[in-house]
Amino acid sequence: MTTSRRKFIKISALGVGGLATASAAYNMFGTTSFLNTFSAPNNSKALKRTATYCEVCFWKCAAWAYSDGEGHIQKIIGNDDDPHCNGRLCPRGTGGVGMYNDEDRLKTPLIRTTINGEQTFREASWDEALNVVASKLKTIKDNHGAESIALLKHGCPGWHFEHLFRAFGSDTTAEPAFAQCRGPRETAFALTFGSWVGSPEPTDIRDTKCLVLIGSHIGENMHNSQVQEMSDAIDNGATIITVDPRFSTAASKSQHWLAIKPATDIALLLSWMHVLIEEELYDKAYVEKYVYGFDELKAHVREFTPEWAYGITTIKPEEIRKTARAMAHAAPAVIVHPGRHVVWYGDDTQRERAIAILNGLLGSWGRRGGFYLKDSIAIPDFPHPEYPKPKWDWRDIGENYPLAQMGLTNEIIKASIPSENAKYPVKAWMVAGTNLIKSIPDTIQLQKALEALEFLVVVDTMPMDITGYADVILPECTYLERTDIVRSATNREPSIAVRFAAVPPKYQTKPGAWIAKEIGMRLGLEAYYQYDDFDEVVNWQLKEMGTSREEMEKIGVKKYPRQSGSLYLNEDEVHHFGTASGKIEFYSHELKDLGFDPMPKYTPHPEPPQGFYRLNYGRSPMHTFSRTSNNPNLTDLKKENDLWVNPKVARIIGLKTGQRVWLKNQDDIISTFSIKVRVTERVRWDSVYMVHGFGNDNKKLTRSYGKGIDDTQMISRVFTDPIMGGTGMRGNYVSIVTENPHKNEAI
Ligand SMILES: Nc1nc2c(c(=O)[nH]1)N[C@H]1C(S)=C(S)[C@@H](COP(=O)(O)OP(=O)(O)OC[C@H]3O[C@@H](n4cnc5c(=O)[nH]c(N)nc54)[C@H](O)[C@@H]3O)O[C@H]1N2
Ligand SMILES: Nc1nc2c(c(=O)[nH]1)N[C@H]1C(S)=C(S)[C@@H](COP(=O)(O)OP(=O)(O)OC[C@H]3O[C@@H](n4cnc5c(=O)[nH]c(N)nc54)[C@H](O)[C@@H]3O)O[C@H]1N2
Ligand code: SF4
Ligand SMILES: [Mo]
């Protein structure tokens, strides 16, 4: 990268933040586990309580922030009335105060500059930084059109910048939550049931009798109310079936752990369908009433016996039959969970289709203990002129993937590389609330795009990896320091939650709403910003929704009656699904017409060569991706990731628990940092496992710099889903390097 125009800037540490003390004791499914992991210091003064919702992950639990009036947040606790959390935050949410207290935070706007031939950042005033951003955006618009400027975003800041971009004339937007996360399941469930799964997932876990988790590691994946409901379901005697090559926390709570060979899930799903149909265990009345294409499916799965699947998945035929019967026994109170991070092997939409079809056979969609029919309430738009129509947008950039339902980050990245001769070339990015270096696979392609961009502005709270590539860095204040958009999400009953500023912004940081508006005003977009302050927008919206700021300050969360009818399918009526046929589509003409298999098929995937192991990754209950890796509270609970290695592999290579190793992948990429080995039977011998989000490479992150390995660095190869453009990331292999490969390099 030394010859690059945009050199990654590493600034050495500037002071060390204080470590907060915290209790590491916590029990995943214990009843009091989430409460006050970090107890508030004794303080006799009356505390001010402010309504907020958490931004540590995207479950967005509503909470109360308690502050002492002197700029100290003493504690954050869950809002009892919130269906996302039921009054209890997960350890990360409780530790959210660490985001506010982290002394490594971005403090002022920064502008890239060259001093004595060295690229570095210099501090700038807001006025100067905003003027640079506005004038760059304007010049690029004049030269190439507003469409050539892309917005890559995630979380709440994204909303404010999306409004800015739409007003400016660009709808070239994407977020990693689609092509790197949920995309395949949304496309597959839309094809099958005519409805997205969405977030929170409409899984009726609290009333289920059987929960099937296919690589969905709830318990490590800490999506709050989902974990709580799973805990209740276990207490109520529900059968848990976990399909995971690794002995996950969920597997440890399961009656059936199916330690599947990685990349073979579609074979298992097809053989489950085979058993349900051959043994006539499927929900005949439901299928008769609601399904399109049952006969085609029956013929399709006839040959996919458990004996056939055994040869592929390594799961014994009796176990396949037993689990299929357990599901049928519980039906319709059964959930074959769609999962969430489902971009695995490139045929992910088809695997998700198989999951959707299996739920259809069991009659679980729209049934108690299966999937409830979700509802939500729309937040009214603050009045503004219509957005101009861009000449092209994210849909055009993703045109090779006909069923992409949102922008594809990876296609925008590709379109930013001049040698790709893209039909819709992208010249500049704004990145808001996403750390692309850690969230986007195909690291080589991403580097090429970063080098070619004419301009990159990053809005973040922390000096994360992506900020090192920026021309201008704009420091946003944390969620605890800002009034933000009103939360509305799908659930059993509609609800809204508010986020008001609990404390004023520290340092020179500003809310995303303010930053977006200031750029907008400099671009002549006053008509889209007919208010002084974003609080005005929120107050107006609350009034429109029959409540008020005063009421919401007191309650934080407000529930509304359902508008869409009953929570479950009404047995006396015929429900129309949002598919082309109005039925649950086991056979998809839409897929067939686009040249794809109308019903899912199993196709073998490549296997790791000799000496290599499949790289598997997942979540830690104490962290969210890379965003918490420097959090003073949460690093105290878990400082770095480790590498799970099967004892058989450890014996062959001669590894011991605690030993530091490096990784080298199939493309000869060597990890920058090392990782500690954890020898455990909980992982299969053909793969190794680590938690995502570690291995930060910016010295400004004083607690997390160099801690552990970044899984994304090892994911240089992707298998793209031809249906919706998701980037399958689990086809990368690593070998284990025991000698420091960097020892002769100058650091
Ligand atoms: N290798 C690998 N890649 C993955 C995954 C994986 O497991 N492994 N998971 C995938 C999945 S499921 C997802 S959803 C994506 C997630 O991808 P990202 O959303 O990119 O995840 P984070 O690493 O949390 O990056 C969030 C960024 O937002 C910043 N941030 C936090 N709060 C605020 C705020 O209030 N304002 C602003 N402006 N910035 C803020 C953080 O400092 C951080 O830089 O990654 C995907 N990519
Ligand atoms: N604590 C915490 N919770 C989170 C997050 C976080 O960062 N931290 N992020 C949230 C987000 S955005 C998402 S998308 C979700 C992601 O969470 P999930 O959707 O639950 O999980 P994944 O990351 O897809 O899957 C990880 C599991 O898949 C298993 N696996 C790997 N390969 C295979 C295979 O071939 N077959 C099968 N059956 N299993 C396999 C792994 O061993 C691991 O247990 O978590 C959410 N919850
Ligand atoms: S699940 Fe945890 S981190 Fe996510 S929003 Fe809720 S409390 Fe915050
Ligand atoms: Mo995700």
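This is a predicted model, so every value here is computed, not measured.

Enquirer: Help me understand the overall build of the protein, please; the structure alone is not making it clear to me.
Expert: Secondary structure summary: the protein contains 23 helices and 27 strands in total. For the protein, the C-alpha radius of gyration of 25 Å lies close to 27 Å, the compact-globule estimate for 747 residues. Split into buried and exposed, the 747 residues of the protein put 63% on the buried side. Working note: accessible area of the protein is about 27,800 Å², and carbon and sulfur atoms make up 49% of it. Side-chain charges of the protein comprise 87 positive and 91 negative groups, with the mean position of each set lying 4 Å from the other.

Enquirer: Just checking my understanding: could you explain the pairing of strand β8 (residues 210-214) for this structure?
Expert: Along any regular strand the residues' side chains alternate between the sheet's two faces. Along β8, five of the five residues are buried, which leaves the element largely enclosed by surrounding structure. What you see with β8 is no split at all: Cys210, Val212 and Ile214 on one side and Leu211 and Leu213 on the other are buried throughout. Read from β8 through helix α6 (residues 224-235) to strand β9 (residues 239-243), the crossover connection turns out right-handed. Note that β8 and strand β12 (residues 334-336) share three bridges and pair parallel. Residue pairing for β12: leucine 211 is matched across the bridge by isoleucine 335.

Enquirer: Whenever I open this one, the confidence of the model for the protein confuses me. Can you help?
Expert: When pLDDT is low, close inspection of the predicted coordinates is not appropriate. Residue-level pLDDT values for the protein average 93, and 94% of them are 70 or greater. Under a pLDDT of 50 for its full length, residues 11-42 has, in the predicted model, 78 contacts with residues more than four places off or in other chains.

Enquirer: Quick question: what am I supposed to make of the site of ligand 2 here?
Expert: Close to ligand 2 lie 31 residues; Asp244, Asp265, His341, Tyr345 and His623 are nearest. At 3.1 Å from a nitrogen atom of ligand 2 is found a main-chain nitrogen or oxygen belonging to valine 243. One of the side-chain nitrogen or oxygen atoms of arginine 730 is found 3.3 Å away from an oxygen atom of ligand 2. Isolated, ligand 2 exposes 930 Å² of accessible area, and the fraction of that covered by the protein chains is 99%. Both domains that meet at the shell around ligand 2, namely domain 3 (184-373 + 574-593) and domain 4 (613-737), each give it at least three residues.

Enquirer: What exactly am I supposed to notice about the sheet that holds strand β10 (residues 256-258) here?
Expert: Within a beta sheet, neighbouring strands are joined by backbone hydrogen bonds and run either parallel or antiparallel to one another. A sheet is described by the order of its strands in space; here four strands give the open sequence β10-β9-β8-β12, paired in parallel fashion. Since the sheet does not close on itself, it has two edges, and those belong to β10 and β12, each with one partner. Taking each pair of neighbouring strands and ignoring which way they run, the sheet shows an average axis angle of 10°. Running at roughly 165° to β12, helix α13 (residues 348-362) makes contact with β8 and β12 of the sheet.

Thresholds, definitions, all that
Residues numbered from 1 in each chain as written. Chains lettered and ligands numbered in written order. Predicted model: local features only at pLDDT ≥ 70, side-chain atom pairs only at ≥ 80, totals over all residues. Heavy atoms only, no water. Helix = DSSP H or I, 4+ residues; strand = E, 2+ residues; numbered from the N terminus. Rg over C-alpha atoms; globule rule 2.2 N^0.38 Å. Buried < 20%, exposed > 50% of the residue type's maximum accessible area, 1.4 Å probe, protein only. Areas by Shrake-Rupley, 256 points an atom, 1.4 Å probe, with all protein chains shown as cover. Lys, Arg positive; Asp, Glu negative; His and termini not counted. Charge placed at Lys NZ, Arg CZ, Asp CG, Glu CD. Right-handed = clockwise from strand over helix to strand, strands pointing away. Pairing = 2+ DSSP bridges. pLDDT = per-residue confidence, 0-100. Contact = heavy atoms within 4.5 Å. Near = heavy atom within 4 Å. Polar contact = N/O pair within 3.5 Å; in protein donor to acceptor, adjacent residues only side chain to side chain. Domains from an automatic or database assignment. Axes fitted to C-alpha atoms, helices over the stretch in contact; angles between N-to-C directions.

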